[in-house]
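# Fold and contact review
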Amino acid sequence: MLKGSRFRFFSGLIIASTLLLFGFREDKISDRLQEKINTAIQGTYEVDEFSMDLMNVSDNLNGKTPSELGGENLFRITAGEKKLGYVYVGVAPSLKKTFDYVVLLNPDLSVKKSKILIYREDHGRQVGSQRWLKQFIGRKSGEKLVYGKDIDGISGATVSAKSMTLAVNNVLESLQILKNNNFF
């Protein structure tokens, strides 16, 4: 009986420690990813200097959106006093791993550009080609995208292409929800 009590005590201690560590963990953008985001912003908005300000979405509003907006995901981009637009930073699944992407938006919440920043697999890299990604340019908040209909498939990257289409679709839907709740 003493052995069982000790086992439960240490099991409980390990579970509590794990929850405590993960409960206070902050989702920070890595330096490598931030550098790629900065390059994407500078190239897309054609600026050298800019501010990237986190837009805090309440837990209540975040719960209504299909995209995660509760961490470091949505930012306002400004250059001096001029609002350039917004950037959404996300992670999407590929065949076996994940990839980091950004959706760069105009002030009217239409897609200015989308970009795969870090792709972690050897297969399916074609999803990062600007030739394929340009299909998202001009898409507006609230617009519903269907892979194979609105967005062409890409040979050799079917899983990643479907995933990116779903990700951008969710971002556009989430932006519309924010817009409908007078967030912008």
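Rules and cut-offs
Every chain's residues receive numbers from 1 upward, in the order its sequence appears when written. Local features in this predicted model are restricted to residues of pLDDT 70 or higher, and side-chain atom pairs are both shown and tallied only at a pLDDT of 80 or more, whereas totals for entire chains, interfaces and linings draw on every residue. Where side-chain values are given, they derive from all heavy atoms of the structure, hydrogens and water being excluded. To qualify as a helix, a DSSP run of H or I must reach at least 4 residues; to qualify as a strand, a run of E must reach at least 2; elements of each kind are numbered from the N terminus. When accessible area is computed with a 1.4 Å probe and restricted to protein chains, residues below 20% of their type maximum are described as buried, those above 50% as exposed, and intermediate ones as partly exposed. Contacts were defined at the residue level, with two residues in contact if any of their heavy atoms lie within 4.5 Å. Strand pairing requires that DSSP identify at least two bridges connecting the strands. Any N or O atom pair separated by 3.5 Å or less is treated as a polar contact, with the protein-specific requirement of one donor-capable and one acceptor-capable atom, and with residues adjacent in sequence counted only for side-chain atom pairs. Salt bridge, as applied in this entry: a Lys or Arg side-chain nitrogen positioned within 4 Å of an Asp or Glu carboxyl oxygen. Remark: nonpolar core denotes a set of buried residues (Ala, Val, Leu, Ile, Met, Phe, Trp, Tyr, Cys) joined through side-chain atoms within 4.5 Å.

### So, the environment of valine 168
Tracing the sequence through the fold places valine 168 in helix H5 (residues 158-180). For valine 168, a relative accessible area of 0% translates into the label buried. The spatial distance from the C-alpha of valine 168 to the C-alpha of valine 102 is 9.2 Å, given a sequence separation of 66 residues. Those residues in contact with valine 168 that sit more than four places away from it in its chain are Val103, Phe136 and Leu145.

### Looking at the environment of methionine 55
Mapped onto the secondary structure, methionine 55 falls in the loop between strand E1 (51-54) and helix H3 (59-62). Taking the C-alpha atoms as reference points, methionine 55 and phenylalanine 75, 20 residues apart in sequence, are found 5.2 Å from one another. Residues contacting methionine 55, with those up to four places away along its chain left out, are Leu74, Phe75, Arg76, Tyr86, Phe183 and Phe184.

### Digging into the pairing of strand E2 (residues 74-79)
In the sheet, E1 pairs with E2 via 4 bridges, with the strands oriented antiparallel. Residue serine 51 lies in a different strand from E2, and its bridge partner there is threonine 78. As consecutive antiparallel partners, E2 and strand E3 (residues 82-93) are separated by 2 residues, and within that stretch glycine 80 has a phi angle of approximately 65°, a positive value.

### Some details on unusual backbone geometry
Despite not being glycine, glutamate 46 shows a phi value in the positive range, around 55°. We classify glutamate 46 as exposed; its relative accessible area is 72%. Even without glycine at this site, leucine 109 takes up a positive phi of about 70°. With respect to the secondary-structure elements, leucine 109 resides in the loop between strand E4 (98-105) and strand E5 (111-119).

### Looking at the side chain of threonine 65
With respect to the helices and strands, the residue threonine 65 is situated in the loop between H3 and E2. At 2.8 Å, the side chain of threonine 65 and the backbone oxygen of asparagine 62 are in polar contact. Engagement of the side chain of threonine 65 in a polar contact is seen with the backbone oxygen of serine 67, the distance being 2.8 Å.

### Quick word on the pattern of salt bridges
All told, the structure shown has 2 salt bridges when counted by the stated rule. Ionic pairing is found between arginine 139 and glutamate 143, a salt bridge with its closest N-O pair at 2.9 Å. The partly exposed category is assigned to glutamate 143, whose relative accessible area is 27%.

### Focus on the nonpolar core
Side chains of a nonpolar character, in soluble globular proteins, are inclined to be buried together. Ranked by size, the top nonpolar core spans 33 residues in total, and within it Leu74, Tyr101, Ile116, Val127, Trp132, Phe136 and Met164 carry the most contacts. Looking at this core, the elements with two or more residues in it are E3, E4, E5, helix H4 (130-133) and H5. Sorting elements by how many residues they give to this core places H5 first, with 9 residues. If we skip the residues at most four places from it in the chain, methionine 164 touches Phe99, Tyr101, Ser114, Ile116, Val127, Trp132, Leu133 and Phe136. Formed by 18 residues, the second largest nonpolar core is a distinct cluster that contains Ile29, Ala40, Val87 and Val102.

### Observations regarding the side chain of asparagine 170
Positionally, asparagine 170 belongs in helix H5. For asparagine 170, a relative accessible area of 19% puts it in the buried group. With residues up to four places along the chain from it excluded, the contact list for asparagine 170 reads Pro66 and Ser67.

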